[in-house]
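Coordinates in review
Take a look at the letters that make up each chain.
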Amino acid sequence: METGMSREIYIGSAWPYVNGPLHLGHVAALLPADVIARYHRLVGDRVLWTSGSDCHGTPITERARKEGRTPREVAKEFHDVISHTFDRLGFSYSLYWATMESEHISYVQESFRMLYDLGLIIEDDYQHAYCALCQDTRTDREITGRCPHCGNDARGDQCDTCGEVLNPSELKNPVCSKCAGAITFEITRELFFDLPAVETRLREWVTTQTHWRDNAKSWTQGWLDQGLKPRAITRKINWGIPVPLPGWEDRRIYVWFEAVHGYWTASRQWAVAQNSNSESWRPFWDADNPNLLTYYVIGKDNIPFHTLMWPAILIAERRALPWQIVASEYLVFEDRKLSTSKGWVLWADDALDRYDPDFLRYFLIAHGPEHRDTNFTWDRFALSVNGELIDNYGNLVQRVLSFASKRFDGKVPLAFELDERDEQMLNRADNTFAQVGSAIERTEFKQALEMIMALVRSANQYLNDAAPWTQIKTDAVRAGTTVAVALNVIMALSILTEPFLPFQAKRVRSMLPMADEDFRWAMPLLKTGVPFGDVQTLFTKIEPSIIEEEHRRLEAQLKGL
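Residues numbered from 1 in each chain as written. Predicted model: local features only at pLDDT ≥ 70, side-chain atom pairs only at ≥ 80, totals over all residues. Heavy atoms only, no water.

**A look at the overall build of the protein**
Looking only at helices and strands, the protein features 18 helices and 18 strands. Against the 2.2 N^0.38 benchmark of 24 Å for 561 residues, the protein shows a C-alpha radius of gyration of 26 Å, consistent with a compact globule. Taken along its principal axes, the extent of the C-alpha atoms in the protein is 90 × 60 × 40 Å. For the protein, the exposed area adds up to about 23,300 Å²; of that, 48% sits on carbon and sulfur atoms. Side-chain charges in the protein split into 61 positive and 76 negative, and the spacing between the mean points of these groups amounts to 2 Å. (Helix = DSSP H or I, 4+ residues; strand = E, 2+ residues; numbered from the N terminus. Rg over C-alpha atoms; globule rule 2.2 N^0.38 Å. Areas by Shrake-Rupley, 256 points an atom, 1.4 Å probe, with all protein chains shown as cover. Lys, Arg positive; Asp, Glu negative; His and termini not counted. Charge placed at Lys NZ, Arg CZ, Asp CG, Glu CD.)

**Details of the nonpolar core**
Counting 173 residues, the largest nonpolar core has Ile11, Trp285, Phe381, Tyr393, Leu487 and Phe500 as the members making the most contacts within it. Take this core: its biggest share by element is 13 residues, from helix 12 (residues 378-407). Those residues in contact with Phe500, other than ones at most four positions away along the chain, are Val35, Asp358, Arg361, Ile365, Val436, Ile440, Phe445, Ala448, Leu449 and Ile452. Residues Cys131, Ala154, Leu166 and Cys176 belong to the second largest nonpolar core, which totals ten residues. (Core = buried A, V, L, I, M, F, W, Y, C linked by side-chain atoms within 4.5 Å. Buried < 20%, exposed > 50% of the residue type's maximum accessible area, 1.4 Å probe, protein only. Contact = heavy atoms within 4.5 Å.)

**Observations concerning the packing of aromatic side chains**
The full count for this structure, using the stated rule, is 35 aromatic pairs. Here the aromatic rings of Trp49 and Phe91 are separated by 5.9 Å at their centres, their planes lie at 40 degrees, and the arrangement is tilted. Linking Trp49 in strand 2 (residues 46-53) with Phe91 in the loop between helix 3 (71-89) and strand 3 (95-98), this pair joins segments that are 42 residues apart in sequence. In this structure, Trp49 and Phe91 share a single accessibility class: buried. Between the aromatic rings of Phe403 and Phe408, the centroid separation amounts to 6.2 Å while the plane-to-plane angle is 70 degrees, which identifies the pairing as edge-to-face. Each member of the pair Phe403 and Phe408 is classed as buried. Three or more aromatic residues link up through ring pairs in this structure, and these residues are Phe333, Trp344, Tyr355, Phe363, Phe376, Trp378 and Phe381. (Phe/Tyr/Trp six-rings, centres within 6.5 Å; stacked < 30°, edge-to-face > 60°.)

**A closer look at the sheet that holds strand 16 (residues 331-333)**
Pairing in this open sheet of three strands is mixed, and the strands run 17-16-18 from one edge to the other. Only two strands of the sheet have a single neighbouring strand rather than two, namely strand 17 (336-337) and strand 18 (374-376). Sheet analysis places strand 16 next to strand 17, joined by two bridges and oriented antiparallel. The residue bridging Val332 from the neighbouring strand is Lys337, located in strand 17. (Pairing = 2+ DSSP bridges.)

**Brief notes about the packing of helix 12 against helix 18 (residues 544-560)**
Between helix 12 and helix 18, whose axes approach to 10 Å, the crossing angle comes to 160 degrees. Compared by their axis directions, helix 12 and helix 18 come out roughly antiparallel. Crossing handedness for the pair helix 12 and helix 18: right-handed. Here Trp378, Asp379 and Ala382 of helix 12 come into contact with helix 18, specifically with Ile547, Glu550, His551 and Leu554. Considering only residue class, the contact of helix 12 with helix 18 consists of four nonpolar, one polar and two charged. (Axes fitted to C-alpha atoms, helices over the stretch in contact; angles between N-to-C directions. Parallel < 35°, antiparallel > 145°, perpendicular 65-115°, else oblique. Left-handed = near helix turned anticlockwise from the far one by under 90°. Nonpolar A, V, L, I, M, F, W, Y, C, P; charged D, E, K, R; others polar.)

**Quick word on the packing of helix 11 (residues 357-366) against helix 17 (residues 502-511)**
Helix 17 packs onto helix 11 with a crossing angle of 125 degrees between their chain directions and a minimal axis gap of 7 Å. For the element pair helix 11 / helix 17, the angle class is oblique. Between helix 11 and helix 17, the residues in contact are Pro357, Asp358 and Arg361 and Pro502, Phe503 and Gln504, respectively. Taken together, the residues that form the contact of helix 11 with helix 17 break down as three nonpolar, one polar and two charged.

**Describing the side chain of Asn215**
Assignment of secondary structure puts Asn215 in helix 6 (residues 214-226). Look at Asn215 and you get buried, because its relative accessible area is 10%. Leaving out residues up to four positions away in the same chain, Asn215 has contacts with Lys300, Ile303, Ala327, Ser328 and Glu329.

**Structural notes on helix 14 (residues 445-466)**
Over its 22 residues, helix 14 runs 32 Å from end to end, which matches the ideal 32 Å to within 8%, given 1.5 Å per residue. Remark: Ala467 follows helix 14 within two positions and exhibits a positive phi of approximately 50 degrees. (Expected span 1.5 Å × (residues − 1).)

**Quick notes on the sheet that holds strand 6 (residues 143-146)**
Across the sheet, which stays open at both edges, the three strands sit in the order 7-6-8 with antiparallel pairing between neighbours. Every interior strand has two partners, whereas the edge strands, strand 7 (153-155) and strand 8 (172-176), have only one. Direction aside, neighbouring strands of the sheet carry axes that sit 30 degrees apart on average. Here strand 6 pairs with strand 7 via three bridges, running antiparallel. Bridge pairing links Thr144 to Arg155 in strand 7.

**Remarks on a nonpolar patch on the surface**
Among the surface-exposed residues, Leu414, Phe416 and Val477 lie close enough to one another that they form a single nonpolar patch of about 290 Å² accessible area. With respect to the helices, strands and loops of the structure, Val477 is situated in helix 16 (residues 476-496). (Patch = residues over 30% accessible without salt bridge, like charges linked within 9 Å, V, L, I, M, F, W, Y side chains within 5 Å. Salt bridge = Lys/Arg side-chain N within 4 Å of Asp/Glu carboxyl O.)

Here's what the structure looks like:
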């Protein structure tokens, strides 16, 4: 990485299945991508963040069949719902689109043909699943059984307990998820991606990724220790991308292969939408670009697809490999694993209907599943938001701006000679930019947010020690200097918190006389004598009665299970 230059930052975040709305577990896994994107934009880097709706998975066809609709109708409905949820959460995608878009289909087919011509797509036997009771074939996700690796319940495509990616024929006692009938297997011919053909290069690359999180390193190494096998990439299904080869007209490209291509296809489509340069996507995918960093933000169940399968394809296609894998653990809801099928779920839109999006963002970063599974409870949520965010940060902003508005005519007071305490406060705020930036680039988001909250606590202590409300009675000049320093720190906080809490950061900046050039990742200089905007309440506390209502909802939910 060359120093002193702006960088190209590519961010790819996991593609939600559009068989239903988002729950808070999805948000917890994907939120780090928005933090990364907003931070790098403030630094001055060129950021491309793409993702979208995974429209061709079995969950979509399952829902469509149950509701008597087409898969496209279901996918379109929930693509719109999920897009709106991300907007409400403040997610700042460069492009969020869908795998059923015609451009995605043609781009994937283009890549498929290239890999086929390179000899990396091969034909082999595949054990296809059949349910005699339903008298129909079954896709991987329509099969359940015991995982051959850990012995727990698993689907035919993956075990959520140990993370192993599976083929249905590997399950012990496989049954149909619809009728619980026994599954039998018949041999069909399918096309496979030849993972062993690039295994040596893949192993060499994986050994250099010492900066990955522990979960990504351990799961990936476990897969490699077993030895890689060719992975099927076609299925005899109706809903999906047609295989662009003669003789395979009744097959579709399997979802895992085409969905990971969405990162690249969405990047190309983003470039087309720029109008001025349809090739502007290339620096973000150039394997030889010394100023490129690539982040992939996912849940831990997606690790092998992003550390082995997608990189294997990228090696073959000679495109930039992932630099950082940001794989979150699971979010638990009120001591129980989130499960949409079992009805134990907290929908993101329901939470957004009742709470400030920054409240959810704060909790899911400060107490989210960054390195271990974590438990979301309503009591813990309220305690965190009220005690950490509002009482500390909200109170700092409110009391400084209200005092300045009343006692200094709504203008930033002049800062005369700074004493040692003033200098220390401003230096601490200045140093926090580098510290928080470093933590974000290491993907230590909890640590980064804690550094910001430590600055908030330091600013509150500075105010308590200086006591400008007392100073002003005997020394208005000194009181004005204290308030000016505090306002400058709040201005810095409005920038530092932008990646994490963008809604409140915008509200704070609307109250302060900030110029466009101030909005960058650096300590700003507040202009004295300039009027600031109307002082408004930054946050409203979560009252005990609101949490009591949440508890009543939980009781009703439990009765319905």
